[in-house]
Amino acid sequence: MELEVKTLDGEAAGSIALADEIFGLEPRADILQRVVRWQLAKRQAGTHHAKTRNEGNRTGKKMYRQKGTGGARHGDKNAPQFRGGGKAFGPVVRSHEHDLPKKVRALGLKLALSAKAKGANILVIDEAVANDPKTKALRDRFAKLGLGSALIIDGAVPNDNFRLAARSIAKIDVLPVQGINVYDILRRDTLVLTKAAVAALEERFK
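Quick notes on the rules
- Residues numbered from 1 in each chain as written.
- Predicted model: local features only at pLDDT ≥ 70, side-chain atom pairs only at ≥ 80, totals over all residues.
- Heavy atoms only, no water.
- UniProt positions renumbered as here; feature names shortened; annotations may be inferred.
- Phe/Tyr/Trp six-rings, centres within 6.5 Å; stacked < 30°, edge-to-face > 60°.
- Helix = DSSP H or I, 4+ residues; strand = E, 2+ residues; numbered from the N terminus.
- Buried < 20%, exposed > 50% of the residue type's maximum accessible area, 1.4 Å probe, protein only.
- Salt bridge = Lys/Arg side-chain N within 4 Å of Asp/Glu carboxyl O.
- Contact = heavy atoms within 4.5 Å.
- Arc of directions from axis to C-beta.
- Pairing = 2+ DSSP bridges.
- Axes fitted to C-alpha atoms, helices over the stretch in contact; angles between N-to-C directions.

Going by what an unreviewed UniProt entry lists, the protein is known as Large ribosomal subunit protein uL4 and is assigned to Methylobrevis pamukkalensis. Under the UniProt heading Sequence similarities (unreviewed entry), the entry covering the protein gives this text: "Belongs to the universal ribosomal protein uL4 family." Recorded in UniProt for the protein, the comment headed Subunit (unreviewed entry) runs: "Part of the 50S ribosomal subunit."

Structure, rendered in structure tokens:
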């Protein structure tokens, strides 16, 4: 697959060949769904907690005598049916993480890249560099490229000025190539790769 390479100012900067085994696969929604679900479950905090009846601060003394009152028999006031009592089967602190084979994760990333390429929503630029950390100047350059919602993947270490200028722009994310992931690719309209990122991805899946 041959794509035109552009500069941040929208000018032509040659072309690049993308490997079909990474960018030319037929997208599969089931694999993408599995990987996104795995990602979101992994990052879920799991800190939700409700007090059970043995964690309440009410008295544990029996409310009233067992027989002769005409009412139902009860023990302490921490029972779930009473106001202020503990919650029955409430949420507890736990990890929501689950396993997903490495091969499925790798395939999911390839499919996400292929989906962007198939939909013509992938853009390759020569480099992501800014001379100054000026948000307005970078927003104007993005306008020339028609970028409104984009994930920008750079090499191992993104340019600091570019990263600082881009972080204040809504719906623009900048990640190093090590941080590329299926969820962030799919949540933005356009995937922008630098030439360094393309080389690193092809080396990773070699």
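Engineer: Any chance you could explain the packing of aromatic side chains here in plain terms?
Structural biologist: The description of two aromatic rings rests on the distance between their centres and on the angle between their planes. Within the structure shown, the criterion is met by 1 aromatic pair. Both rings, one in F142 and one in F162, keep their centres 6.1 Å apart while their planes meet at 75 degrees; by these two values the pair is edge-to-face. On the criterion of sequence distance, the pair formed by F142 in helix α4 (residues 135-145) and F162 in helix α5 (residues 160-166) is long-range, its members being 20 residues apart.

Engineer: Sorry if this is basic, but what is going on with unusual backbone geometry here?
Structural biologist: A positive phi angle, near 60 degrees, is found at A120, a position not held by glycine. Here A120 is to be found in the loop between α3 (102-118) and β3 (122-125). The class of A120 is exposed, set by a relative accessible area of 66%. Phi is positive for K171, close to 65 degrees, though the residue is something other than glycine. Checked against the element boundaries, K171 lands in the loop between α5 and β5 (172-176).

Engineer: What am I meant to see in the pattern of salt bridges here?
Structural biologist: Should their charged atoms come close, side chains of opposite charge can pair. If you walk through the whole model with that rule in mind, you get 10 salt bridges. Among the ionic pairs, D9 bridges to R141, the shortest N-O distance being 3.2 Å. Of this pair, D9 sits in the loop between β1 (2-6) and β2 (12-17) while R141 sits in helix α4; the two residues are 132 residues apart in sequence, bridging distant segments of the chain. The partner of D76 in a salt bridge is R53, with the nearest N and O atoms 3.3 Å apart. Here R53 lies in the loop between α2 (29-43) and α3 and D76 lies in the loop between α2 and α3, a separation of 23 residues in the sequence. Given a relative accessible area of 18%, D76 falls into the buried group.

Engineer: Mind showing me how you'd approach the side chain of S114 here?
Structural biologist: Looking at the secondary structure, you find S114 in helix α3. Excluding residues that lie within four positions of it along the chain, S114 makes contacts with I22, F23, G24 and L25.

Engineer: Looking at this structure, how should I read helix α7 (residues 195-204)?
Structural biologist: Because each turn of an α-helix spans 3.6 residues, side chains separated by three or four positions end up pointing in the same direction. Those residues of α7 that fall on the buried side of the exposure criterion are A197, V198 and L201. Seen from one end, α7 has its buried residues packed into an arc of 100 degrees, which puts them on one side. Where α7 is buried, its residues meet β2, α1 (20-23), α3, β3, β4 (150-154) and β6 (190-194).

Engineer: How should the sheet that holds β3 be read in this particular structure?
Structural biologist: Within a sheet, adjacent strands bond to each other through the backbone by hydrogen bonds, running parallel or antiparallel. If you walk across this open sheet you meet the 6 strands as β2-β1-β3-β6-β4-β5, and the pairing is mixed. The open sheet has two edge strands with one neighbour each: β2 and β5. The sheet shows a mean angle of 30 degrees between the axes of neighbouring strands, direction not considered. Pairing geometry for β1 and β3, over 2 bridges, is parallel. Along β3, the bridge assignment pairs K6 with I125. Running over the sheet, α7 touches β1, β2, β3, β4 and β6 and is turned about 90 degrees from β6.

Engineer: What is the right way to read the environment of E127 from this model?
Structural biologist: Inspection of the secondary structure puts E127 in the loop between β3 and α4. Note on E127: relative accessible area 44%, which makes it partly exposed. Between the C-alpha atoms of E127 and Y64, which are 63 residues apart in sequence, the distance is 77 Å. Look past the residues within four positions of E127 in its chain and what remains in contact with it is L8 and T194.

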